[in-house]
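A closer look at the structure
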Amino acid sequence: MDLRYTEDEEVFRGQLKEWLAKALPALPPAPDPLDWPGRRAYDTAWQRMLYEAGYAGLHWPADAGGRGATPTQHLIFLEETERAGAPYVGANFVGLLHAGPTIAAEGTAEQRARWLPPVLRGDEIWCQGFSEPGAGSDLASLRTRAVRDGDHYVVSGSKIWTSHAEVADWCELLVRTEPVSDTVPKHRGITWLAMRMDAPGVTVRPLRTLAGSTEFAEMFLDDVRIPVTDRVGAENDGWRVTMVTLSFERGTAFVGEVVACRRTLGELARTARDNGRWDADPALRRRLGRLGAEFAALWRLTQWNVSESQGGSSGDSGSGGGGGGFGVPGIGGSVFKLRYSQARQELYETAADVLGPDALDLAHPWNQDRLSSLSYTIAAGTSQIQQNIVAERILGLPKER
C-alpha cells in the first residue's frame, strides 16, 4: 500500500478531528473501571454516537452495515480517535472485532441482517465462548457437546475466560457436534454457534484477574437449546469458521492498541525527563528509542495487514460464506500478534522502571496495564502457537509432531 496520505484522506482526517472536537466534550464522566454495567452503558453510548455520525463499522462493507471506507481511512480513524483520547470499543470488542466481522464474512444474508446492525448501533454486546478448562491453546480439544434435536442443538459443557459474559447479550460459541474418533480428528466435528446469554441453562460466574477486574468469567451450559438457524457456517465446519474469527482477533483487533502504546511511549519519555531519569540513564534512553522503532514498525505492519485483508489476499484463512467482500486478515496477523505481545510487555516493564517506587501503586494506569500485559502472550493464541503458525504456514517448515 502507499504509505503517503492523499488529499482526500487528509480531508477525511480533518472532518473526523472536527467531529471529535465537538463530540468528546459531550461525553459523561467515564465509570469506575470495575463497574461493568456502567462501562457497558458508557461504551454502548459512545458506539451509538459513532453510528449516528456515520463512523460505526467504518471499514465494513455497505451490505454489512458499514461505510465501505478504505484501509487507510480506517487507520486514520483509529489514529485520530486514539490521539483525541476517545473511548475504545470497550465491552463490545468481541462483537465489533471478532463476532461481527466473522458473521459478515461467513453468515447468511438473514444472519447478517439480524446481528450486525445491533452490534454497530451498540444495542447488543457479544462475548466469546471458545476456551475451556482443558482446551485453551489446544482449542481443538474442546468438549462442550451439542446434540441435534430437531430444529435445535442441545448444548452442555463449560467455558472459561469468557470475555464480558456478565454484560453480554450473545456469545460466539464453539461446540463439538461430532465426537473425536479414529475417523474424526479433533479439528473436525466442531461447530460455530451464536447463543443468547439469557437462554435457560446458562450460568455465568465472574473471575477476578490479577489486576482486580472481572471482565472474564466461567460459563456453565446445562442443556441449553440453540436454534439451528443460529449456526454460522455448516455443521462440523466450525474449525474453519473459527480460523476466520481468530484471524480477525490476531490480525486487526489490536490496531487501536498500537496507537495507544505509541502515545504511552511519548508519555514515558516526558515523565523520564521530568524526574531526571532521561539525563541520568543513557540505557533508559536507548530502551525508549528501541521501543519507539518497534512500535513504528508494528504500525507499518498493521497497515500492510489491513491493506492485504481488504485487497482479498488473505492467505489460507479463507472465507466460505456470504462475505460480500469483507476482508479477512491473513496469516501475517500471527507475525504481528507474536511481536506485539512481547513489545507491549517490554513497554510496561520500562514504565515500571521510569515510575520507580510508584510502580507499586496499583491505582496508576500504567501499573494496571503492566499487569494486563502479562496475558498478551497467552490471549488470542499463545506465542508458542503463533510461532508454529509462522514456521509452518509462512516459512514452510515441517509441522510440529
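This structure is a prediction, so every number in the text was calculated from the model and none was measured.

Description of the overall build of the chain
- Looking only at helices and strands, one finds 12 helices and 8 strands in the chain.
- Within the chain, the proportion of its 401 residues that are buried is 50%.
- By sequence separation, contacts in the chain at least 24 residues apart represent 73% of the contacts at least 6 residues apart.
- Within the structure as shown, the chain displays about 18000 Å² of accessible surface, and the carbon and sulfur contribution to it stands at 53%.

Considerations on the pairing of strand β4 (residues 170-176)
- The element β4 is largely enclosed, with a buried count of 7 among its 7 residues.
- Pairing geometry for strand β1 (residues 126-129) and β4, over 4 bridges, is parallel. Counted as the bridge partner of glutamine 128 is glutamate 172 from β4.
- Of the pairings in the sheet, the one linking β4 to strand β5 (residues 190-196) comprises 7 bridges and is antiparallel in character. Looking at the pairing, cysteine 171 lines up with methionine 195 of β5.

Considering helix α4 (residues 93-106)
- The first and last C-alpha atoms of α4 sit 19 Å apart over 14 residues, in line with the 20 Å expected at 1.5 Å per residue.
- The largest bend along α4 reaches roughly 40° and is located at alanine 99, with the proline proline 101 sitting one to four residues downstream.
- α4 sits mainly inside the fold: 13 of its 14 residues count as buried.

Some details on a nonpolar patch on the surface
- Taken together, Val335, Ile394, Leu395 and Leu397 make up a surface patch of nonpolar side chains, about 340 Å² in accessible area.
- Among the secondary structure elements, leucine 395 is positioned in the segment after α12 (383-394).
- Look at leucine 395 and you get exposed, because its relative accessible area is 58%.

Points about the side chain of threonine 144
- Looking at the secondary structure, you find threonine 144 in the loop between β1 and β2 (145-149).
- Given a relative accessible area of 1%, threonine 144 falls into the buried group.
- Here the side chain of threonine 144 touches glutamate 132 through a polar contact of 2.7 Å, side chain to side chain.
- Excluding its chain neighbours within four sequence positions, the residues that come into contact with threonine 144 are Glu132, Val155, Ser156, Gly157, Ser158, Lys159, Leu174, Val175, Arg176 and Leu221.

Notes on the pattern of salt bridges
- All told, the structure shown has 25 salt bridges when counted by the stated rule.
- Between arginine 13 and glutamate 80 there is a salt bridge, with the nearest N and O atoms lying 2.5 Å from each other. Of the two residues, arginine 13 is situated in helix α1 (residues 7-23) and glutamate 80 in helix α3 (residues 71-83); the sequence distance between them amounts to 67 residues.
- A relative accessible area of 10% means that arginine 13 is categorised as buried.

Considerations on the packing of α1 against α3
- Relative orientation of the contacting elements α1 and α3 amounts to 30°, with a least axis distance of 10 Å. As α1 packs across α3, the resulting crossing turns out to be right-handed. For the pair α1 and α3, contact is made by Glu9, Phe12, Arg13, Leu16, Lys17 and Leu20 and by Thr72, Gln73, Ile76, Phe77, Glu79, Glu80, Thr81 and Arg83, respectively.
- For the contact of α1 with α3, the class distribution of residues is 5 nonpolar, 3 polar and 6 charged.

Digging into the environment of cysteine 127
- Counting through the fold element by element, cysteine 127 comes out in strand β1.
- Residue classification places cysteine 127 among the buried positions, given a relative accessible area of 0%.
- Along the backbone, cysteine 127 and glycine 95 are 32 residues apart, and their C-alpha atoms lie at a distance of 7.2 Å.
- Contact partners of cysteine 127, with chain neighbours within four places excluded, come to Val94, Thr162, Ser163, His164, Ala165, Ala168, Trp170, Cys171, Glu172 and Met197.

Quick word on the packing of aromatic side chains
- As enumerated under the stated definition, the model contains 8 aromatic pairs in all.
- Judged by centre distance (5.7 Å) and plane angle (35°), the ring pair of tryptophan 19 and tryptophan 46 falls under tilted. Linking tryptophan 19 in helix α1 with tryptophan 46 in helix α2 (residues 36-53), this pair joins segments that are 27 residues apart in sequence. In this pair, the class of tryptophan 19 matches that of tryptophan 46, namely buried.

What about the environment of valine 258?
- Position of valine 258 relative to the elements: it lies in helix α7 (residues 255-274).
- Between the C-alpha atoms of valine 258 and tyrosine 340, which are 82 residues apart in sequence, the distance is 8.1 Å.
- If we ignore the near neighbours within four places in the chain, the residues touching valine 258 are Phe295, Leu298, Trp299, Thr302, Phe336 and Tyr340.

Quick look at the confidence of the model for the chain
- Residues of the chain with pLDDT of at least 70 account for 87%, and the chain-wide mean is 84.
- Within the chain, strand β3 (residues 152-159) carries the highest mean pLDDT (98), whereas α12 carries the lowest (71).

Comments concerning the nonpolar core
- In this structure, Trp19, Trp46, Tyr55, Trp126, Trp192, Phe295 and Leu347 are the most contacted members of the largest nonpolar core, which totals 70 residues.
- With 9 residues, helix α10 (residues 332-355) is the largest single contributor of residues to this core.
- Formed by 21 residues, the second largest nonpolar core is a distinct cluster that contains Cys127, Ala165, Met219 and Ile226.

Section: the side chain of threonine 44
- Along the chain, the position of threonine 44 falls in helix α2.
- On the basis of relative accessible area, threonine 44 is assigned to the buried category, the value being 14%.
- Apart from the residues within four sequence positions on either side, threonine 44 is in contact with Arg121, Gly122 and Ile125.

So, how was this worked out
- Residues numbered from 1 in each chain as written.
- Predicted model: local features only at pLDDT ≥ 70, side-chain atom pairs only at ≥ 80, totals over all residues.
- Heavy atoms only, no water.
- Helix = DSSP H or I, 4+ residues; strand = E, 2+ residues; numbered from the N terminus.
- Buried < 20%, exposed > 50% of the residue type's maximum accessible area, 1.4 Å probe, protein only.
- Contact = heavy atoms within 4.5 Å.
- Areas by Shrake-Rupley, 256 points an atom, 1.4 Å probe, with all protein chains shown as cover.
- Pairing = 2+ DSSP bridges.
- Expected span 1.5 Å × (residues − 1).
- Bend = angle between axes of the 7 residues up to and from the residue.
- Patch = residues over 30% accessible without salt bridge, like charges linked within 9 Å, V, L, I, M, F, W, Y side chains within 5 Å.
- Salt bridge = Lys/Arg side-chain N within 4 Å of Asp/Glu carboxyl O.
- Polar contact = N/O pair within 3.5 Å; in protein donor to acceptor, adjacent residues only side chain to side chain.
- Axes fitted to C-alpha atoms, helices over the stretch in contact; angles between N-to-C directions.
- Left-handed = near helix turned anticlockwise from the far one by under 90°.
- Nonpolar A, V, L, I, M, F, W, Y, C, P; charged D, E, K, R; others polar.
- Phe/Tyr/Trp six-rings, centres within 6.5 Å; stacked < 30°, edge-to-face > 60°.
- pLDDT = per-residue confidence, 0-100.
- Core = buried A, V, L, I, M, F, W, Y, C linked by side-chain atoms within 4.5 Å.

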